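Chain by chain, the residues:
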Amino acid sequence: MASNVNTTAEVHHAGAEHGGAFPPFDSSTFASQILWLAITFGLFYVLMSKVVLPRIGGILEARHDKIAKDLEEANQLKASSEAAGAAYEKSLAEARQRAQTIASDTRSALNASLDAKRHEAESSLSAKIAAAETTIAGIKAKALAEVDGIATETAETLVSTLTGESVSRADVAAAIAAVTVK
Amino acid sequence: MAADKVDPIHQFHITKLVPINLGHYDVSFTNSSLFMAATVIVGTLFLVMATSGRSMVPNRWQVVAEMAYSMVANILRDAAGKSGMKFFPLVFSLFMFVLVANLLGMIPYFFTVTSHIIVTFCLAMLVISTVVIYGIWKHGLHFFGLFAPSGVPGALVPLVTMIEVISFLSRPISLSVRLFANMLAGHITLKVFAGFVVTLSAAGVTGMAGSVLPLAMTVALTALEFLVAFLQAYVFTVLTCMYLNDAIHPGH
C-alpha cells in the first residue's frame, strides 16, 4: 500500500517537474488515452446498441402503436355514434310523420262527424221552421178571412145605425170587396 | 498549492492512477481514463434509470432520455435519410459520450476528457474511417465520385477535385479541433476569471470589492460553458451525420 502511494506521489511530482509541455499536446500520454478511449467508448457503444437504444426505441414504438390504436378506436366509436345519431334522427322523423298523419286523420274524422251532426240539426230545425211557417200562414189566412166578416158586420151595423135603413149583407160584402180590391 | 490554484493549465494535467506498461507503451490508468469510465457509467446509468419506468406517459427523466433519442434520430434521418439509420447506435453513442464527458467536465475538480486533442481526434477518425470503409465497401470505386462532382466543366475537374480532396482531409481535423478547442478555451477562461477572484480578494477590502466583476463574469461564463458543452456535442453529431451521408450517397 505504502509503496503504491509513494509511486503515485512520485509520478505526480515528476509530472509537475515535467510541466513545461502543454498537457493536451504531451504525446507521452497519447497511448494511454487512445487505449482507454477505445476500451471505454467500445463498451459504451455496446451498452448503447444492445441495452439502451432497444429500450428507448421499444418505449417510443409502444407509445406510437398505442396512440395509433387509440385513434383508430376513437374513429370507430365516432362512426358508430354518428350512425346511432342518424338512426335516431330517422326514427324521430318517422315518428313525427306518423303523428302528423294521425292528427290529420283524427281532424278529418272529427270534421266529418261534426258536419253530419250540424246537417242533421240544420235539417231538423228547417223542418220545424217550415212547419211553424205553415201554421202561421194558416192562422193568418184564417184571421184575414175573419176580418172580412167582421168588416161586413161592422159596416152593416154602421150603415143601419147611420141611415136607419137595413142593407142586405150581400151588398155590404160586395161594397167592401170593391173597396179592399181597390 | 497556491500556484496550482491560479494556474489555468493545471486542470489539464494527466496523472497516473495505476501505472501500466505494455511493451514500450505507457498505457497507465490515468485520471483521464477514470473520467472516460465515469462517462460510460454515468451515461449508461442515466439512460437506463431514466427509462426504468417504461411508462406510456413519461416522467421528466424519461422525457430527457426520449428527447435525446429522437433528437439524434431526427438529425441522422434529416442528414442521411432512412438508410442512414443503420449508423444510429454509433451516432447516438458519440453524441451521448461527448455530451456526458463535456458536462462531467463542468463539475469543479473533474477532468474534462474532451479537452485533449487526442481524444477528440480519435473520435473524429472513428467517424471518418467509418465513412471511408463503409463508402468503399458499399460503392466500391464509385465512392471516389465524391471528389469529382458531376456537372463540372472538364477543364475545372482537376481543380474542383483538389479542393474536394483537401476539404475531405480537413474534416477530421476541423471536427476534432472544434470540440477540443472549445472545451479547452472555455475551461481556461473560466479558471482565469475564477483565479482573478481569488487573487483580488487576497488584496484586502478594495480587492474584494473589485473581485465582484470577475465573479459575475465567472457565473455568466459557467452558464455559457454549459451551453457550449451541449452545443459542441450537438455540432459534432450534426457533422458526423453529414459525413455519413457522403458514405451512403456518394454522388453529389
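Bear in mind that the values here come from a model prediction, so they are computed numbers and not experimental data. Per chain, the residues get numbers from 1 upward, laid out in the order the sequence is written. For naming, the first written chain is A and the first written ligand is 1, with later ones following in the order written. At least 70 in pLDDT is required for a residue's local features to be given in this predicted model, at least 80 for side-chain atom pairs to be given and counted, and no such filter applies to totals for whole chains, interfaces and linings, which use all residues. Processing note: side-chain calculations cover all non-hydrogen atoms of the structure and skip hydrogens and water entirely.

(A) Up close: the confidence of the model for chain A. Residues and elements named next belong to chain A. Confidence of the prediction at every residue is given by pLDDT, a number between 0 and 100. Of the residues in chain A, 88% have a pLDDT of 70 or more, and the chain-wide mean is 85. Least confident of the elements in chain A is helix H1 (residues 2-18), whose mean pLDDT is 41; most confident is helix H2 (residues 30-163), at 93. Only heavy atoms matter for contacts: two residues are in contact if any of them lie within 4.5 Å across the pair. For the stretch residues 1-18, pLDDT sits under 50, and the model shows 4 contacts to residues farther than four places along the chain or on other chains. Only runs of H or I of at least four residues qualify as helices and only runs of E of at least two qualify as strands under DSSP, and these elements are numbered from the N terminus.

(B) Here's a closer look at the interface of chain B and chain A. Counting from both sides, the interface comprises 51 residues of chain B and, opposite them, 37 residues of chain A. Approximately 4,000 Å² of surface area, both sides summed, lies buried where chain B meets chain A, with 79% of it carried by carbon and sulfur atoms. When the buried area of chain B at its contact with chain A is split by residue, Met56(B), Tyr69(B) and Ile118(B) rank highest and sum to 15% of it. Salt bridges are counted wherever a side-chain nitrogen of Lys or Arg sits within 4 Å of a carboxyl oxygen of Asp or Glu. One can count 1 salt bridge joining chain B with chain A. Its salt-bridge partner being Arg63(A), residue Glu66(B) comes within 2.9 Å of it at the nearest N-O pair. N or O atoms closer than or at 3.5 Å make up a polar contact, with two conditions inside protein: a donor-capable atom paired with an acceptor-capable one, and, for residues adjacent in sequence, both atoms drawn from side chains. The tally of links from chain B across to chain A stands at 10 residue pairs in polar contact (both at pLDDT 80 or more). Broken down by secondary-structure element, the contributors of at least two residues to the side of chain B that touches chain A are strand E3 (25-26), strand E4 (29-30), helix H2 (31-50), helix H3 (60-80), helix H4 (88-105), helix H5 (117-139) and helix H6 (157-201) of chain B. Sort the elements by how many residues they give to the side of chain B that touches chain A and H2(B) lands first, with 10 residues. Just so you know the grouping, Ala, Val, Leu, Ile, Met, Phe, Trp, Tyr, Cys and Pro go in nonpolar, Asp, Glu, Lys and Arg go in charged, and all remaining residues, Gly too, go in polar. Here the residues of the side of chain B that touches chain A sort into 31 nonpolar, 16 polar and 4 charged. Summed over both partners, the accessible surface that disappears when two parts come together, traced with a 1.4 Å probe, is what is meant by buried area.

(C) Highlighting the pattern of salt bridges. Overall, the coordinates contain 5 salt bridges over all chains when judged by the stated rule. Measuring nitrogen to oxygen at the nearest pair gives 3.2 Å for the salt bridge that ties Asp70(A) to Lys66(A). Of this pair, Asp70(A) and Lys66(A) both sit in helix H2, 4 residues apart, which is roughly one turn of that helix. Burial classification: accessible surface area is computed with a 1.4 Å probe over protein chains only, and a residue below 20% of its type maximum counts as buried, one above 50% as exposed, and the rest as partly exposed. For Asp70(A), a relative accessible area of 32% corresponds to the partly exposed category. Among the ionic pairs, Asp246(B) bridges to Arg171(B), the shortest N-O distance being 2.8 Å. With Asp246(B) in helix H8 (residues 212-248) and Arg171(B) in helix H6, this residue pair connects regions lying 75 residues apart in the sequence.

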